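Notes for the structure review
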Amino acid sequence: MNSQYICVHGHFYQPPRENAWLEAVEMQESAYPDHDWNERITRECYATNAKARLLDGEGRIKAIVSNYSRMSFNFGPTLLAWMKESAPRSYAGVLEGDRQSMARFGGHGSALAQGYNHAILPLCNDRDRRTQVQWGIRDFEHRFGRRPEGMWMPETAADTATLEALAEGGIRFTIMAPRQCDSVRPIGQPDWHAVHDGVDPTRAYKIPLPSGRSIVAFFYDGPVSQGVAFEGLLNSGDRFADRLLGAINGDRGHPQLMHIATDGESYGHHHRHGEMALAAAFERIERQPGVDFINYGLFLEKHPPEWEARIHENSSWSCAHGIERWRSDCGCNSGRQGFHQRWRAPLRSAFDWLRDSIAAEFEKKGKELFKDPWAARESYIEVILDRSSECLDRFIAKHAARPLSEGERTTAIMLMELQRHAMLMYTSCAWFFDDVAGIETVQVIQYGARVVQLARQALRLELEAEFLHRLEQAEGSMKEYPNGKVVYEKSVRPAILDLMRVGAHYALQRMFEGDSKSLHAYEVKPGTEKRLTAGRTRLVVGHASFRSRITEESVQLSYGALHLGDHNTSCGIRLFRGDESFAEVVTQAERAFDTADFSEVIRALDREFGNRSYNITSLFRDEQHAVVRKILEPTLAQIDASYQNIYEQHAPLARFLRSVNLTVPRRIQFVGAFVLSQAIRKLLEQPVFDVSRASELVEEARREGIELDEPTIAHAFRRAMDRVVSQESPVILTIETLRGIVGLTRFLANLPFNVDVWPMQEAIIERIAPDAPGHRRHADSGSPSDREWLDVYRQACQELRVIE
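Here goes a summary of the coordinates provided. Remember, predicted model here, so these are calculated numbers, not experimental data. (Residues numbered from 1 in each chain as written. Predicted model: local features only at pLDDT ≥ 70, side-chain atom pairs only at ≥ 80, totals over all residues. Heavy atoms only, no water.)

The next thing to look at is the sheet that holds strand S22 (residues 613–614). The strand order across the open sheet built from six strands is S17-S18-S19-S20-S21-S22, with neighbouring strands paired in antiparallel fashion. Each of the sheet's edge strands pairs with one partner strand only, and the pair in question is strand S17 (518–519) and S22. Relative to S22, strand S21 (residues 569–575) runs antiparallel, the two being bridged by two bridges. Bridge pairing in S22 places cysteine 571 opposite tyrosine 614. Strand contacts of helix H19 (residues 499–512): S17, strand S18 (522–534), strand S19 (537–548), strand S20 (554–563), S21 and S22, with the helix running at about 40 degrees to S20, the strand carrying the most contacts. (Pairing = 2+ DSSP bridges. Helix = DSSP H or I, 4+ residues; strand = E, 2+ residues; numbered from the N terminus. Contact = heavy atoms within 4.5 Å. Axes fitted to C-alpha atoms, helices over the stretch in contact; angles between N-to-C directions.)

Here it is, written out as structure tokens:
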């Protein structure tokens, strides 16, 4: 039996990015051309690790494998919640990887749980720490269908109270940085030995706890883990494997576990094709005699701890000062020159004040509605995992102190959401980076704003003014965002929603987008509506019922919205006063609209809705983009035509200038790049891609010395790939799809930049069924259709460098 083992752990995590009111991730411009950072990182990392490519000696793909099945890993619960809805194939790949790991490692799954929303557990109060652990465990059970053996502590941040919370939850082990170990001793020996020179990372350590419980700690290999992040180990699978194997020392006299802990995003996002290096390293090591892959659960079964350890209190893996990175200007940052982090302490202090300000009133009001409001909070994870009305009914029936009225039920749910957001606002990424105006910090301040709003609605507490005063003490580094209060006013307040604004969004959207009965976390039940158009002028007047799917609060509103062209929009909202009043408003507005008396239309709307006025800025962010594009369509079409004319008129002149080695003016080059890139994009968006024409445009750009817009074309190419491979059943690829794959791949060879063709390679390898027409075993059947399919299939394999 081998006594030398290797385990690679990946911590896969992104902070929650959902709008606190919509429960949906809105567009993030910094992730362009992707919709948001979750989408980009899933494409680059989470998806590819479920389907990693293995190459042969000639650089051809010989297999697709799941890295999750061979590594140890954890995923943040809030990230998995997003993936389930927005990236279901990748989500399924994560779960399948854990199932495969159980078969590989003697029934021990490789997935670990994680503290729920990545709060720094030693900085939580006792109640929040317990809930973070219990919610993380329950989320894991719900998704993976088993109890977790291990749990990842966010940032590996630990103290004794945190380890007690894990042990109380039945967690057997956790992973920590070597510098977090204070001292060790053989079990049963009286003397502790300080580990000034570093702990031996190749064994498991039992940590005795004051309660009489214990938990096992694995202290990872620091130098090799750092090498993955900062030394380019993922540039080569062989180099990575050599480093892992080289860290094993055969003279230690005990079974050795060589293990590392790394950011999961290293494998594909931080390091391009890092998932391929990981897969190649796994394959190489599996061929190495005397060394086995293992995960932590199986290692514990085979080799229970023989040593004990004590930890440094308030320590972590990414702050040399313990856990100061999440509460002070300790010097740890991401390296932006001229930025300080003096804002960290006031920000945390503001959140602590907000959390503590609601605690007593929450408990007082909660006892009117719940048998035990804190026990209800801990159980509320069931509702978060299943937002169906049936699950909410079960939760209320179990925890309500008595039968609740409709209004009391809404208040009860608001109290639970109040507590959920009060924990979300402690998500650690808000303090990790360099400025109070960073997108991660804006996100948690948004959660704080939701707490303020829910406290006002459910507890009649007015906390915003004092919260803003405390945020003002969080001094930023940028002139436009001098402190946290300005961040709130500029970046958070515009996102705050109530049902009135939801109604305004609906009315404005109705003028441009047509029907919309579900608005993310809100539902709409349309009533009567009148829509009128005159050229580019639009009027919509109607009423509808709006309801939050989260809190169940609801209201019936009437609305009127007018678009006078361009960005000039106006919308009024008020409580619905009945059919007769509404009919009168419709009559007045329609009469004025029919005579093109738009001033009178506006006066009629003002009389009905008063100062409840909204405009295009009231739309949700994604819909703002969609509506603005629709408004700009005629203008953009004119600009496109103008650019096309300019390019056609000046292309001969540009060629002449290049022929005599004179510089082509940058304005002409810019126009050419725009025209040709947009033309290629439009071809890629067509149902049938014209490879020849697109290739001609690429050649024209090369000939004219024009630099094509890589982000625009690459994004359009990826969407074209997705359309081609998603048109099929999950098993069989038709000859038409294979031809589409061949065409796209051949076109890509003409581009001056590369686009990852992973989706098409995966389709070729994994979606050729044994009984599909034209499969190898049908090659000699003599059927013309089979022979034709096989020919195109071989072309696709050749173009994509896939072994048949």
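Okay, the nonpolar core next. General note: in soluble globular proteins, nonpolar side chains tend to be found buried as a group. Membership of the largest hydrophobic core comes to 194 residues, with the highest contact counts inside it found for Phe75 and Phe240. It is helix H16 (residues 439–459) that contributes the most residues to this core, eleven residues altogether. Sequence-distant contacts of phenylalanine 240, defined by excluding residues within four places in its chain, comprise Val228, Leu233, Leu234, Ile260, Tyr267, Ala277, Leu278 and Ala281. Of all hydrophobic cores here, the second largest spans 48 residues; its members include Ala694, Val724, Val757 and Ile764. (Core = buried A, V, L, I, M, F, W, Y, C linked by side-chain atoms within 4.5 Å. Buried < 20%, exposed > 50% of the residue type's maximum accessible area, 1.4 Å probe, protein only.)

Backbone-to-backbone hydrogen bonds pair the strands of a sheet. The strands run either parallel or antiparallel. Taken in spatial order, the six strands of this open sheet run S7-S11-S10-S14-S8-S9, and their pairing is mixed. At either end of the open sheet lies a strand with only one pairing partner, and these are strand S7 (173–176) and strand S9 (193–194). With two bridges connecting them, strand S8 (residues 181–186) and S9 associate as antiparallel partners. Bridge assignment links valine 184 to a residue of S9, and that residue is histidine 193.

Our next topic: the packing of helix H17 (residues 464–471) against helix H18 (residues 484–492). The interhelical angle for the contact between H17 and H18, taken along N-to-C directions, is 125 degrees, at an axis separation of 6 Å. Relative to H18, the element H17 lies oblique. Mapping the contact onto sequence places Glu464, Phe467, Leu468 and Leu471 in H17 and Gly484, Lys485, Tyr488 and Glu489 in H18. Counted by class, the contact of H17 with H18 contains four nonpolar, one polar and three charged residues. (Parallel < 35°, antiparallel > 145°, perpendicular 65-115°, else oblique. Nonpolar A, V, L, I, M, F, W, Y, C, P; charged D, E, K, R; others polar.)

This brings us to the packing of aromatic side chains. Using the criterion set out here, one finds 35 aromatic pairs in the structure. Considering the side-chain rings of phenylalanine 12 and phenylalanine 75, the 4.8 Å spacing of their centres and the 5 degrees angle between planes classify their relative orientation as stacked. Taken together, the residues phenylalanine 12 in strand S1 (residues 4–12) and phenylalanine 75 in strand S4 (residues 72–75) connect sequence positions 63 residues apart. Taking relative accessible area as the criterion, phenylalanine 75 reaches 4% and is therefore assigned buried. Plain terms: the ring middles of tyrosine 506 and tyrosine 559 are 5.8 Å apart, the flat faces sit at 85 degrees to each other, and that makes the pair edge-to-face. Of this pair, tyrosine 506 sits in helix H19 while tyrosine 559 is found in strand S20, placing the two residues 53 residues apart along the sequence. Just as tyrosine 506 is buried, tyrosine 559 falls in that class too. An aromatic cluster is built from Tyr5, Phe173, Phe218, Tyr296 and Phe299, whose rings are joined through pairwise contacts. Above the face of the tyrosine 481 ring, lysine 490 is positioned so that its terminal group lies 5.3 Å from the ring centre. (Phe/Tyr/Trp six-rings, centres within 6.5 Å; stacked < 30°, edge-to-face > 60°. Lys NZ or Arg CZ within 6 Å of the ring centre and 35° of its normal.)

Coordinates in, geometry out; function isn't part of it.
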